[in-house]
Structures are given as C-alpha cells and as structure tokens.
Number of protein chains: 2
Amino acid sequence: MKAYSIRELLEGDDKILQEVTVKGWVRTFRSNRFIALNDGSTINNIQCVVDFENIDEDELKKINTGAALELKGTLVESMGKGQSVEIQVNELEVLGTSDPETYPIQPKKHSMEFLRENAHLRVRTNTFSAVMRVRNALSFAIHQYFQQNGFNYVHTPIITGSDAEGAGEMFRVSTLDPKNPPLTEENEIDYKEDFFGKETNLTVSGQLEGEAYAMALGKIYTFGPTFRAENSNTSRHLAEFWMVEPEVAFMDLDGNMDLAEDFIKYVLQYALDNCKDDLEFLEKRLLDEEKTKPQKDRSEMTLTEKIRFVLDNNFKRVSYTEAIDILKNSKPNKKKKFQYIIEEWGADLQSEHERFLVEKHFKCPVILFDYPAKIKAFYMRLNEDEKTVRAMDILFPGIGEIVGGSQREERLDVLKQKIADLGIDEKELWWYLDLRKYGSAVHSGFGLGFERLVLFTTGMTNIRDVIPFPRTPQNAEF
Amino acid sequence: MKAYSIRELLEGDDKILQEVTVKGWVRTFRSNRFIALNDGSTINNIQCVVDFENIDEDELKKINTGAALELKGTLVESMGKGQSVEIQVNELEVLGTSDPETYPIQPKKHSMEFLRENAHLRVRTNTFSAVMRVRNALSFAIHQYFQQNGFNYVHTPIITGSDAEGAGEMFRVSTLDPKNPPLTEENEIDYKEDFFGKETNLTVSGQLEGEAYAMALGKIYTFGPTFRAENSNTSRHLAEFWMVEPEVAFMDLDGNMDLAEDFIKYVLQYALDNCKDDLEFLEKRLLDEEKTKPQKDRSEMTLTEKIRFVLDNNFKRVSYTEAIDILKNSKPNKKKKFQYIIEEWGADLQSEHERFLVEKHFKCPVILFDYPAKIKAFYMRLNEDEKTVRAMDILFPGIGEIVGGSQREERLDVLKQKIADLGIDEKELWWYLDLRKYGSAVHSGFGLGFERLVLFTTGMTNIRDVIPFPRTPQNAEF
C-alpha cells in the first residue's frame, strides 16, 4: 500500500476506491466522525471519516488538534461540499498526542505576536504554511530563472574581513575571550589573536565578491543571508535576511533594467502557476484583514491584482531628476501631505514618494535611474555630468523599493578617487581595485531583498512573518 | 547583431557565416593573429583570428592575457584542430587592458597556494572556472531534486541564540563594545545589553529548526552556510561551509537511507549530464596531478570512474557492529597498518577505516548504521538495545564520510533523559521538546557537507579550492 501525500490524494481522481495510507496532523475533528487531516504538502486538508463505533474510545479521545495520525482506508468520492475525495477510515493509529489544554495552536484566531513567540509551531497554521510554501516556490523560481539564463550560482562569504562594504552597521564575529580580550601595546583589542587574525564581521552584501566572479564567469548570482546590525524595530527590517544579487559582465544599466524586470516577472508568474491554492487562501486572508482597517488604509488592489499589476505592465523608466520634478509639483507635496516634503534636487526619496509615483502618478511599476552620486554607494558608475550615478531602484505598489542596483564604476582612476574621497584606505579594497586593473569592463548588477519579495507576493504586512525564525533587536529565540 | 555567449557560438553550427559580437577575456594571443577568448560560459575558448595588418599597432600591443575585448566578426568553420568554429575578426576593441608585467594569472602553472592568495582572480583559470561551474550545477541539482520530490526549501537562522546544537565550537556574534563590554553585578558580560538581548553565535547546523518545519510541512530541506570555530588547519576543514539538510516527517532510518542514496545519485548524474567539458578537463588535471605522486598514493580510479562507482553500485548497508568485526579482523588492523588500531566495539571510525570498507572490503559505497549512542548526538533515536542509536553515515571512496544522518528521538521522555544526562538545561531546548509534546512522530534527516560533495565530484584535493573565498584559521581575506 503506497503512502501518498495529501496533495497527491486530493489531485488524484485516478485513486478512487484504492486502499491508501495517509499520515498527518489533525486540524479539526468534529462530530466524533470527521477528521480534517493536513500533512503540509498542501493547504487543503483531506477529510477522513471514522466510524466511531469501531474505534476504541480512548483512541478517539486522543484525536485532538495537532495530534499526529496514521490512517488507512479507502479513498472515495466525497458527498460533502468543498472537497472531491475523502477517506473512509478502516484503521487509525495515534502516533503523537496533542494535549488540548496546553497546545498553543488551537483552531481559533491567534495574534501575530503570539505566533511569533511560537515560531516553531506557527508553520502548522494555514497562514504560515501557505507563506512558507510560497517562499519556497519563489526561492526555486529564482534559481530556475538564473540557471535557464546561463548564470552561475556563487556562494560569497558570510564572514567578511572587509569593512568597506558600506551598506550599514555590522555584527562582529569573534572567538576572543569577551571578558579579557588580548590587547596590543597601544591598549587596543589585538585582533591578530582572533580566529581569523583580523577583525571580522557578518557580510552586508555579497556584491563586491560577486563582481570578482562576474569578471571571470560572465553571469553570476548570489542568494544567501546578509546582515544589518541596525536597531530598527519596524515591520520592514530584519537583522538577518536573504538577498539575491545577480552581477553581469559587459552589461550596462539598460541591460540591468531589462534583466531585473524580466527576472521579477518570471518569479511572480512562477508563484501564480505553482501556488494557486496558497495564494487564494492568502488573498482571502488579506481581504479579511483589510476589513478591520479604516477605508483609507485599505489597499485598492487585491493580492492577485497587485501581482498582475506587476506582470501586466511595462516598468516605466524615469530619471531621478524627472521624478523630483513630478514630486515637487504633486498635490501631496504642495498640500504638505507627505511626511517628508520634497524641496530640491538631491533629496533622498522615502517610501511615501516611491508609492505615490507607482500608485498615483504612473500607475505601473517604476524604475528610477541616474540618482545623485551623493546619496548612492561609492561603486556606482559616475555619469558624464559628474553629479549623478548609474543607479536604479525598482518601485512596487504597496511596498516601495524592491530592487536596488547599478552599473559599477569600471574606471580605475575614478574609483580610486571615490574611495579616497570617502577616506577608505585603498589597501582595504586592493582586490576590488584589481578587477579594474586587469581586464576591466562595463558590468552591472542589482540586489533584491528576498523577504520584501515574499511580503509582496503573500500580502503579509510584517517582514517577521515571512521568514521562518526572524532575528530582530532583542530577539534571537529558537 | 546579437551578442552570443561563447558557449552558444561553439555549439551553434547554425550560426555559420553570421556576423557576431563576442565579449570576453584573452586567455592567450599567439602569432599576432590567434586570440583564444573566454567569457566564462564554458571552459572552451573561441579562436578569434585577427588580421594584424588592419589593426592599429597600439591596439595589438594591448591584447595580453587577461585583457577584456569586444570583437565583431564572421563565424566560420575552423581549419585548426580542436575547434569546430572560429571568428574572423572585423572589428576589435580593447575594453580593459591587463599589464603582463603585473597581472598575476599568467598562462603558466601557478601553485594552489598562490592562487588562494589571489582568490579574486583564480576563477579566471581553467581549473577554478571548471570547479565553480560544477559547484553551480551541483547546487542547482540539489534544489531541483528536492523540489521535484515535494520538499520545501527552508531558510533556518544563521545567528542562533541556542548553544545546544552540540556539533562543535561556535563563533560569537555581538555588537557590544569589545574593549569595554557592559558587565553584570556578578562581573560577567551583560549580554542583555547585546543586540539580541542574549549571547548569540553562528549556527553549526539548521537541523533542529529544520525539524520544527518538517513536523508541519512534512518534507523540508535547508541549504545554507554553517560554521565551526575549530582551529583545524587541514585540507578537509573550513570555518564557513555550506550544508544541505533534508528532514522528513514520518520517515524512518530505512527511508532516510533510500532518500540519501537516491539524492546523491541524482545530483552526480546531473553533473555528468550538464558539466561534460568541465569534468573532462578536471579528469585530465587530476591524472596530471597524480603522475607527480608516488604510485602508492595514486587513486585507482579516474574521476569519472569514481563518480560511476557511486552511480552504478547499490550502497551496501552495514551495521556499525558488523563493520567493527570486519575492521578488527582486517589485514591492516592486524598488521598495525592503520594509524588508529580498532580494538573494540565503541571505537569511533577514522577516515582510513571508512575508506578501507569502501575501497578494499565492499568495493562499493557503504552506509553504516546503528552506531554506539556514546559517540553520536543526543537527538538520535535510541534503539531497543539502549546501546546504539539509529544513526547512519554514508562512506565514499577517496573521501570517507560524505553524509551523516539519523532517525530522530521522537519520544519526549527518552529525549528529556538524554538532555539531562548531558547536563543541558531543558529550558534551552523548550521549543525542540515541544515538537515531541505536540503531534510527535517518527522523523529522520541527514546532513551533507556540500564542499565534500564538490571535492568528490571535481577531484580537487583541498577543500579551500572548491569554495570561492575560503575562511580558515588566520584567513578571512576578501
């Protein structure tokens, strides 16, 4: 007797009248007769009908929400609505009980905060299992897209000896005695004694190392964890998150925009094609959640509409300079409805501005490019105007920036100047400069914060709810 | 005019007589006429024939090894041997020069140590580009295998607040002032003041968190970086390496062995199917390397033979107890040829013993199972004999252990006892114990050190040469 997953059974009209074994966890048990069983393979439960007269009463009492069961029976067409097949149970074994007095995940509404405190169990709920299956599908779509397009997956280092990445505060990695660290004669920490013989941190980006590989393998991407030691306790920040960073030799900023748009559309289409049931559930969940909000805070689009909004529109390419003009002259700016009023060229854009451009002005995803050099990183290619750099940000509805990228500065002298202007020691970046010394060429890439993509695709509102075990200030439980 | 990758051009007889553009880096330039150009898409170079009389002499001088070029020309059938097509160049642009006086990667043999010191450039060599493309293919094969079999990819946390994983020494992660850390009244470091409000480390394994997800989603896998702060300066150890860890609910140890064997064969077959040219090159490289060794140290099998040895044989399943008997009575044990003589049941096996079983005794890959509880981790399921646990190790030729796994202890009382025996505070593992309290069931999984797999598949001998930027004691450059 083959053991099928519940997904296979629910899809398999061809298995009608077969004897099947199924193992899973009880979601609900009603009328001493109907078990809704789930095994994680799908959001849908299979209904298992037990004949309570033939089952030991002590066993029956153990069929509580969360209990693990093994059932044998016959797959039959279902009379109930909402399901095509069900199992007429012949044999039932309780593998693991679940005390209803103490099991935290009862079939009722729990607060998100409570579920975060039970992150080891929350994936047993419909919402979180759906989110994590969508997260899985998006992950695979990312790999499949790049592999089909000739990119090589590169594992850039997590522990970095370089502190010149410049993307934010870093976590120190050390094996020195924290109480009595060795000191130098100048009374500083003697990192020569540390594990790596120097001060090391957790990476904030694999880009610089990714560039080294792109300048040899041509097209590469990274997909791995990155870190920010910023004390930001918001629904948009994590201390540990996953990032996707493609990098392509001989590609300019236009090519970079083409790549990013094509890539995003591919992975979203993949989720639509492969997570139909999960997305349907998440769409309903979002509608229910929004009903509790005041009208003005509700999204104008359903979850599927938002995904289709990205899929069905060309991304509008707008220069930063043009965007500033639009924003300066916009109603919310003039009427001081923006929290941050745009006064002049050079201003950094906030999420409210990005969303205005996407949702109100252009009504399509937007790619802003050619940002002021001063508000962007040192490695971005300086334009001929010497004021702007070949940077691009992709802006999405509801979420603002989802991708940030650039054409990289490939000219050794210009890059050296930038590094000097920042007061960074050239020696720190000797190997990065080597890439401009030997066989340099135009190249570009971008970074996509993976959790932002999962947030967008699932309609969840807090980034802590789209990663299995979130790390945030004061929280590294599990 | 479409820009093709060199791989596409070399495969594309259909493009003969087309005008093409190609961009890449010079591998060699001979007779002022023949450029071997590589763009990383394949190990093979395309021959580009320039008419030096029509090219400016200053430009010609810039065509050195490592220089980046853009070439336009006509794809024609090649007269030379070893290549089917070549490009008759009409236009040549040097995008980035490469000074032959200083460029470290000259077309000659470099020591591996020298190349490690130039890890940002070593991927421009045939050997490292081949290794990294094989690494990429194996990575994707891992994802594809699990996705096709209904597993969900789970990103388990890198920063962990748990120090009970028990797999080795850990790196501390902190943002406290290293020189003047805050102290408690007891004069200990006050980790409440640290970023996460507690002491945190880099993970040594995602297994425990993976189990939480398997007990909800059914079948999951992790594929991410893990860390060991062990001062092991060997060709087999890295401080930062990638690990694959599947975990399956309702699966026992037999199922675990089936899964591991099927999985390994799939990914190796994928590499054979998708990395033909790279593996051919690496096989020749290995043969050349082995010629420099004394006969007795040479491998009996070529690289392909070793891969086929794994693919074409059933993995022999042998209990630890049986293996100890075989080893005790073996010639090298009796003649004291082993470095570690096997004297009695309970001994931990060394690589020399594992390789003897695989290469000399059974002549096939071996799965050892039911190890003494004392030499294995606390979470492994105790057998009825109360002496052994449901552990398994998979042993490979040349390399010894490549996979370690087990059926997990699913019984709350037994697990609690084990934790108490180890002196671990139950509170440290409250959430892990919850998995046994609520809906517990048989479940199993294994870990595969990804770099070991890449070593095996590429025939490289030092683990530092199969990861882009290796982290080892005293080394976190780049």
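Every value quoted in this text rests on a predicted model; they were computed, and no experiment measured them.

Thresholds, definitions, all that
Residues numbered from 1 in each chain as written. Chains lettered and ligands numbered in written order. Predicted model: local features only at pLDDT ≥ 70, side-chain atom pairs only at ≥ 80, totals over all residues. Heavy atoms only, no water. Contact = heavy atoms within 4.5 Å. Buried area = accessible area lost by both parts, 1.4 Å probe. Salt bridge = Lys/Arg side-chain N within 4 Å of Asp/Glu carboxyl O. Pairing = 2+ DSSP bridges. Helix = DSSP H or I, 4+ residues; strand = E, 2+ residues; numbered from the N terminus. Axes fitted to C-alpha atoms, helices over the stretch in contact; angles between N-to-C directions. Least-squares fit on C-alpha atoms with pLDDT ≥ 70 in both. Buried < 20%, exposed > 50% of the residue type's maximum accessible area, 1.4 Å probe, protein only. pLDDT = per-residue confidence, 0-100. Core = buried A, V, L, I, M, F, W, Y, C linked by side-chain atoms within 4.5 Å. Expected span 1.5 Å × (residues − 1). Arc of directions from axis to C-beta.

1. Overview of the interface of chain B and chain A
The interface of chain B with chain A comprises 109 residues on the first partner and 109 residues on the second. Carbon and sulfur atoms make up 62% of the area that chain B and chain A hide from each other, which totals about 8,700 Å². When the area that chain B buries against chain A is broken down by residue, the three leading residues are His155(B), Phe195(B) and Tyr438(B), summing to 9%. Joining chain B to chain A, the criterion identifies four salt bridges. When the shortest N-O distance is used, the salt bridge between Lys198(B) and Glu477(A) registers 3.9 Å.

2. Side note on the sheet that holds strand β1 (residues 19-30) of chain A
Through backbone hydrogen bonds, the strands of a sheet pair up, either in parallel or in antiparallel fashion. Taken in spatial order, the five strands of this closed barrel run β1-β2-β3-β5-β4 (chain A), and their pairing is mixed. Averaged over all neighbouring strand pairs, the angle between strand axes comes to 55 degrees, with direction disregarded.

3. A look at the relation of the copies chain B and chain A
Between the two copies, chain B and chain A, the superposition gives an RMSD of 0.0 Å; the rotation angle is 180 degrees and the shift along the axis is 0.0 Å. The symmetry that links the two subunits is that of a two-fold axis. For chain B, the minimum C-alpha distance to the rotation axis belongs to Val173(B) and amounts to 2.5 Å. Of the interface residues in chain B, 100% have counterparts in chain A that sit at the interface too, so the contact is made through matching surfaces.

4. Thoughts on the pairing of strand β5 (residues 85-96) of chain B
Along any regular strand, the residues point their side chains to alternate faces of the sheet. Residue and element names in this part refer to chain B. Two strands pair when backbone bridges link them, and strand β3 (residues 46-49) and β5 are joined in this way by three bridges, in the parallel orientation. Counted as the bridge partner of Gln47 is Glu86 from β5. Where strand β4 (residues 68-77) meets β5, 10 bridges bridge the pair, whose relative direction is antiparallel. Bridge pairing in β5 places Thr74 opposite Gln88.

5. Some remarks on the pattern of salt bridges
Residue and element names in this part refer to chain A. Taken as a whole and assessed by the stated rule, the structure comprises 58 salt bridges over all chains. Note that Asp14 is salt-bridged to Lys15, the shortest N-O span being 3.7 Å. You can call Lys15 buried: its relative accessible area is 9%. One salt-bridge network, held together by shared partners, links Glu113, Arg116, Arg122 and Asp465.

6. Overview of the confidence of the model for chain A
Averaged over chain A, the pLDDT score is 95; the fraction of residues at 70 or greater is 99%. Scoring the predicted complex yields pTM 0.97 and, for the interface, ipTM 0.97.

7. A look at the sheet that holds strand β11 (residues 240-249) of chain A
Residues and elements named next belong to chain A. Taking strand neighbours across the sheet as the criterion, the eight strands line up as β6-β10-β11-β16-β15-β14-β13-β12 in an open arrangement whose pairing is mixed. Strands with a single pairing partner mark the edges of an open sheet, and in this sheet they are β6 (152-153) and β12 (316-319). Where strand β13 (residues 366-372) and strand β14 (residues 388-396) come together, six bridges link them in antiparallel fashion. Residue Ile367 lies in a different strand from β14, and its bridge partner there is Ile394.

8. Some words on the nonpolar core
Counting 228 residues, the largest nonpolar core has Phe263(A), Ile264(A), Phe263(B), Ile264(B) and Phe396(B) as its most contacted members. Residues contacting Phe263(B), with those up to four places away along its chain left out, are Ile142(B), Tyr145(B), Phe146(B), Val244(B), Phe446(B) and Leu448(B).

9. Considerations on helix α7 (residues 276-291) of chain B
Residues and elements named next belong to chain B. When the terminal C-alpha atoms of α7 are compared, their 23 Å separation across 16 residues agrees well with the 22 Å that a helix rising 1.5 Å per residue should span. Asp278, Leu279, Leu282, Glu283, Arg285, Leu286 and Glu290 are the residues of α7 that are buried. On an axial view of α7, the arc spanned by its buried residues comes to 165 degrees, and they lie on one face. Across α7 from its buried face, at more than 90 degrees, point the exposed residues Lys276, Lys284 and Lys291. Summarising the contacts, the buried residues of α7 are in contact with α3 (112-117), α4 (126-148), α6 (253-274), α8 (303-312) and α14 (450-458).

10. Here we look at unusual backbone geometry
All names here are of chain B. We note that Phe250 has phi near 70 degrees; this positive angle belongs to a residue other than glycine. Within the secondary structure, Phe250 sits in the loop between β11 (240-249) and α6. A relative accessible area of 17% means that Phe250 is categorised as buried. Notably, Gln474 is not glycine yet its phi reads approximately 70 degrees, a positive angle. Mapping Gln474 onto the fold places it in the segment after α14.

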